[in-house]
Amino acid sequence: MDIEKVNSMDFGEFVDVFGNVIEKCPLIAAAVWSQRPFSDLEDLENHFFAFMDALPRSGQEGILRCHPDLAGRDLQRGTLTAESQREQSQAGLTSLDADDRQRLQRLNAQYRQRFGFPFVLAARLSDRAAVPRELARRLHCQPESELRTALGEVKKIGHLRLADLLGADPAGME
Ligand SMILES: NC(=O)NC1=NC(=O)NC1=O
């Protein structure tokens, strides 16, 4: 898909295509649509991220709270979005044994208790061994810096999802 096609989309089509670039936050695509035309794919991506950066802390935490836990209830119930399902299975989180899954759920609960939002990480850039290690490490970070780290992970997820949608090479979208 090229940028001319993106710029020609009406509102409904744009939100249908880009509504889940940021997990369960179609509002962001709905807002970014009005800023077309986009000069290129990177410009489109930057508008998504600029919207996130301009939100008050409550809005940024709200974005994080829209993310399903890694190897959490939604994965067990099969209620993940298609994108999340693919990402979590690529990281090997759909085939954890009971002990590993329970450990991850315990760490997720501790993290959520400490920060008030779920642990978010770009699963496609990680794997089943690294996820709990990274979660345990970030559990000890300060809230301010952890909010920034978590939003950075949302942006990595968004970057990869946009690259998929636009048929661009993820590296090429830097
Ligand atoms: N809590 C999360 O990090 N969730 C997720 N990360 C991904 O890459 N996909 C998800 O669903």
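Now for a look at the structure at hand. (Residues numbered from 1 in each chain as written. Predicted model: local features only at pLDDT ≥ 70, side-chain atom pairs only at ≥ 80, totals over all residues. Heavy atoms only, no water.)

**A closer look at the site of the ligand**
Item 1. What surrounds the ligand is the set Pro 68, Leu 70, Ser 84, Glu 87, Gln 88, Phe 119, Val 120, Leu 121, Ala 122, Ala 123 and Ile 157.
Item 2. The side chain of Ser 84 places a nitrogen or oxygen atom 2.8 Å from an oxygen atom of the ligand.
Item 3. Computed on the free molecule, the ligand has an accessible area of 290 Å², of which 100% lies beneath the protein chains in the complex.
Item 4. Comparing atom positions with the cavity grids shows the ligand to sit within the largest cavity.
Item 5. It is helix H7 (residues 82–90) that contributes the most residues to the shell around the ligand, three residues altogether.
Item 6. Along the lines of polarity and charge, the residues of the shell around the ligand split into eight nonpolar, two polar and one charged. (Near = heavy atom within 4 Å. Polar contact = N/O pair within 3.5 Å; in protein donor to acceptor, adjacent residues only side chain to side chain. Areas by Shrake-Rupley, 256 points an atom, 1.4 Å probe, with all protein chains shown as cover. 1 Å grid on protein atoms, 1.4 Å probe; cavity = no way out; pocket = protein on both sides within 12 Å on 5 of 7 lines; lining within 4 Å. Sits in = over half its atoms within 2 Å of the grid points. Helix = DSSP H or I, 4+ residues; strand = E, 2+ residues; numbered from the N terminus. Nonpolar A, V, L, I, M, F, W, Y, C, P; charged D, E, K, R; others polar.)

**Observations regarding the packing of aromatic side chains**
Item 1. Following the criterion strictly, the structure yields seven aromatic pairs and no others.
Item 2. Considering the side-chain rings of Phe 11 and Trp 33, the 5.4 Å spacing of their centres and the 75° angle between planes classify their relative orientation as edge-to-face. Separated by 22 residues along the polypeptide, Phe 11 in helix H2 (residues 11–18) and Trp 33 in helix H3 (residues 26–33) bring together distant segments of the chain.
Item 3. Taking 4.6 Å as the distance between ring centres and 50° as the angle between the ring planes, the aromatic pair formed by Tyr 111 and Phe 115 counts as tilted. Of this pair, Tyr 111 and Phe 115 both sit in helix H8 (residues 98–115), four residues apart, which is roughly one turn of that helix.
Item 4. For Tyr 111, a relative accessible area of 0% corresponds to the buried category.
Item 5. Accessibility expressed as a relative area gives 8% for Phe 115, which makes it buried.
Item 6. Linked through ring pairs, Tyr 111, Phe 115, Phe 117 and Phe 119 together constitute an aromatic cluster. (Phe/Tyr/Trp six-rings, centres within 6.5 Å; stacked < 30°, edge-to-face > 60°. Buried < 20%, exposed > 50% of the residue type's maximum accessible area, 1.4 Å probe, protein only.)

Worth remembering: the numbers are spatial, not functional.
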